Amino acid sequence: MTPAKARGPYTKTPARRAEIVRAARESFAEHGFTKASLRDIAERAGITHAGLLHHFRTKDDLLAAVLAERDTEERRYAESKVPDMDHLAPYLGDMLRHHQKAPELMRLWIELAAAASRPEHPAHGYFVRRYAWGSDQFARGMRGKADRGELHEALAPEHAATLLQAVLNGLQLQWLLDQDLDIVGPVRAFMRMTFPQAAPPEDAE
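Now for a look at the structure at hand.

The rules behind each value
- Residues numbered from 1 in each chain as written.
- Predicted model: local features only at pLDDT ≥ 70, side-chain atom pairs only at ≥ 80, totals over all residues.
- Heavy atoms only, no water.
- Salt bridge = Lys/Arg side-chain N within 4 Å of Asp/Glu carboxyl O.
- Buried < 20%, exposed > 50% of the residue type's maximum accessible area, 1.4 Å probe, protein only.
- 1 Å grid on protein atoms, 1.4 Å probe; cavity = no way out; pocket = protein on both sides within 12 Å on 5 of 7 lines; lining within 4 Å.
- Points joined across faces, edges and corners; volume = space filled by probe spheres on them.
- Helix = DSSP H or I, 4+ residues; strand = E, 2+ residues; numbered from the N terminus.
- Nonpolar A, V, L, I, M, F, W, Y, C, P; charged D, E, K, R; others polar.
- Contact = heavy atoms within 4.5 Å.
- Polar contact = N/O pair within 3.5 Å; in protein donor to acceptor, adjacent residues only side chain to side chain.
- Axes fitted to C-alpha atoms, helices over the stretch in contact; angles between N-to-C directions.
- Parallel < 35°, antiparallel > 145°, perpendicular 65-115°, else oblique.
- Left-handed = near helix turned anticlockwise from the far one by under 90°.

### Quick word on the pattern of salt bridges
Oppositely charged side chains can pair when the atoms bearing their charge come close. The final tally for this structure, using the stated rule, is 17 salt bridges. A salt bridge links R148 to E150; the nearest nitrogen and oxygen atoms lie 3.7 Å apart. Look at R148 and you get partly exposed, because its relative accessible area is 49%. The structure contains a network of salt bridges with shared partners spanning E19, R22, E26, E30, D40 and R44.

Put into structure tokens, the structure is as follows:
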């Protein structure tokens, strides 16, 4: 192998990292996080094991990158589908249905979120920032609803935002334990209770 070829797999380009993350996402979804191996991911990405380690030091780092990519995709989709809080309920229903198509990724997210509650965990900062961002976005929308008199009078906007995140996370955990469970219906019901004065949302079936 020539020196040029040896350096190739180690080049830190966005395209190479994206390919590794795509391969990791496929491997995690197929095998689960515990059974997925870095060597399998490297093979799927078309690079050596050593080349993969040059980009991502551990499997935890790779998992965090996979979940961050999923967050980015969902934020972009949300920006195109949720111009205001009146469109939030249909989007949440679509999001949950999408997550149900990849239960292994849903399970991985829940497992990593729990593990990352420890300050020393490598993904701790990521999850702190993620929850802070979500709370801020939901709270802004809830304050707008409150200003229009559409938020339930017993709820402060910040409390409503916290409850919404808890409902979404809790329902997904329950669904993983019982995949016959309807989780879209309860979200619709929660939104109706939260915004009793608002017009019923149009939710795709």
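### Regarding the layout of surface pockets
In this structure, the largest pocket occupies an estimated 700 Å³ of space. Around the largest pocket, the lining is made up of 27 residues, and of these A78, Y91, W133, Q137 and F138 lie nearest the centre. Secondary-structure elements contributing two or more residues to the lining of the largest pocket are α5 (59-81), α6 (88-100), α7 (103-115), α8 (124-147) and α9 (157-177). Across the lining of the largest pocket, the residue classes tally to 13 nonpolar, seven polar and seven charged.

### A closer look at the environment of I110
Tracing the backbone shows I110 in helix α7. For I110, the residues in contact, after removing those within four places along its chain, are Q172, L173 and L176.

### Digging into the side chain of R130
Positionally, R130 belongs in helix α8. Within the local environment of R130, its side chain forms a polar contact with the side chain of D71, the two groups lying 2.7 Å apart. Discounting chain neighbours no more than four positions away, the residues touching R130 are D71 and W109.

### Considering the packing of helix α2 (residues 14-31) against helix α3 (residues 38-45)
One way to put it is that α2 packs onto α3 with a least axis distance of 8 Å and a crossing angle of 125 degrees. Accordingly, the angle class assigned to the pair α2 and α3 is oblique. Handedness of the crossing formed by α2 with α3: right-handed. Together, R16, E19, I20, R22, A23, A24, E26, S27, F28, E30 and H31 of α2 and D40, I41, R44 and A45 of α3 make up the contact between the two elements. A per-class count over the contact of α2 with α3 returns six nonpolar, two polar and seven charged.

Geometric descriptors of this kind do not, in isolation, establish any biological role.
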